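Working through the structure, step by step
Here is how the chains run, residue by residue.
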Amino acid sequence: MNTEAEGARAPVVQLRGLNKTFLTEKVETQALSEVSFEIRAGEYLLIQGPSGCGKSTLLSILGLLEQPTSGEYLLQGNDTANLGLTARARVRNRELGFVFQSFNLIGDLTILENVELPLRYRKGERKATAPERAEKAMELLKDVGIAHRAEHYPAQLSGGQQQRAAVARALIGEPSLILADEPTGNLDSDSEDAVMELLAACHASGATLCVVSHNPKYQQVADRTLTLSEGRLAQ
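Residues numbered from 1 in each chain as written. Predicted model: local features only at pLDDT ≥ 70, side-chain atom pairs only at ≥ 80, totals over all residues. Heavy atoms only, no water.

1. Comments concerning the sheet that holds strand 1 (residues 11-24)
Cut-off, in case you're wondering: Strands were regarded as paired on the criterion that DSSP finds at least two bridges between them. The helix count covers DSSP runs of H or I at least four residues long, the strand count covers runs of E at least two residues long, and both are numbered beginning at the N terminus.
Pairing within the open sheet is antiparallel, and its 4 strands lie in the order 2-1-4-5. Strands with a single pairing partner mark the edges of an open sheet, and in this sheet they are strand 2 (27-40) and strand 5 (78-79). Note: strand 4 (residues 70-75) against strand 5, 2 bridges, orientation antiparallel. By the bridge assignment, leucine 74 is partnered in strand 5 with aspartate 79.

2. Examining the packing of helix 6 (residues 159-171) against helix 7 (residues 189-204)
Put simply, the rule is: Between N-to-C directions, angles cover 0 to 180 degrees, with each direction set by a line fitted to C-alpha atoms, over the stretch in contact for helices. Orientation categories follow fixed angle ranges, with anything under 35 degrees roughly parallel, anything over 145 roughly antiparallel, 65 to 115 roughly perpendicular, and all other angles oblique. For any helix crossing, the convention is left-handed if the near helix is rotated counterclockwise from the far helix by under a right angle, and right-handed if that rotation is clockwise. Residue contacts follow a heavy-atom distance rule, with two residues in contact if any of their heavy atoms lie within 4.5 Å.
The N-to-C vectors of helix 6 and helix 7 enclose an angle of 15 degrees; their axes lie 9 Å apart at closest approach. With respect to their mutual orientation, helix 6 and helix 7 come out roughly parallel. For helix 6 against helix 7, the interelement crossing comes out right-handed. Along its contact with helix 6, which presents Gly160, Gln163, Arg164, Val167 and Leu171, the element helix 7 presents Ser191, Ala194, Val195, Leu198, Leu199 and Cys202.

3. Quick word on the nonpolar core
This is how the line gets drawn: Definition of nonpolar core: a set of buried residues of the types Ala, Val, Leu, Ile, Met, Phe, Trp, Tyr and Cys, connected through side-chain atoms within 4.5 Å. The buried label applies to any residue whose accessible area, calculated with a 1.4 Å probe on protein chains only, is under 20% of its type's maximum; exposed applies above 50%, and partly exposed to all values in between.
Of all hydrophobic cores here, the largest spans 36 residues; its most connected members are Ile111 and Leu141. When contributions to this core are tallied by element, the ones reaching two or more residues are strand 3 (44-48), helix 4 (111-120), helix 5 (130-143), helix 6, strand 7 (177-181), helix 7 and strand 8 (209-212). It is helix 6 that provides the largest number of residues to this core, a total of 6 residues. Aside from chain neighbours lying at most four places away, what touches isoleucine 111 is Leu105, Leu141, Ile146, Arg149, Ala150, His152, Tyr153, Pro154, Leu157 and Ala165. With 29 residues, the next largest nonpolar core counts Leu64, Phe98, Cys210 and Val212 among its residues.

Now the structure itself:
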């Protein structure tokens, strides 16, 4: 393998002995226990398991929304343990794209405004102008097939169309990793298939995906599947 190919397959995520414990009213719950794996650039990883097994907790940690109780999480080779709130927000904006089961679109913003939102929060490097943001958002809406809905509001779209907009929003910042939490959980069968095809197309174009779902259909398109059971990776 040449050096360029090796670099292209470098680890985006490295988890080592990850643990997460929740304490509520003197009750200790071990949500994750000694979880270790990598996600390499360009990989489509599926994490599956029954409800309550720790999938969403794991995704929250990968998305820098939660911190592990112990263990290491390296993102692009950088240890995330000592990141403050501002630094975590900055890394989320630059490195991560999110697709949620409930879409999480902002109701009083148009679809175009929702998609361009991550670029509005960019700081440091030259910030994109409003026309530049709109142009990039419109290109992505064309890619996901809903450019004709750009000036509509989320409530005016079907669930499948809203999730397409959410995928476009996840892509606009050119993230290192796209995290999807049950992205087709609220969709009918036809919309489910369409969004799965869209995610597969993102992967085919080079995106790195980590999808959390109990839907067995994802096993047919993912490169690799990890199974969580009671907070542990099943062998």
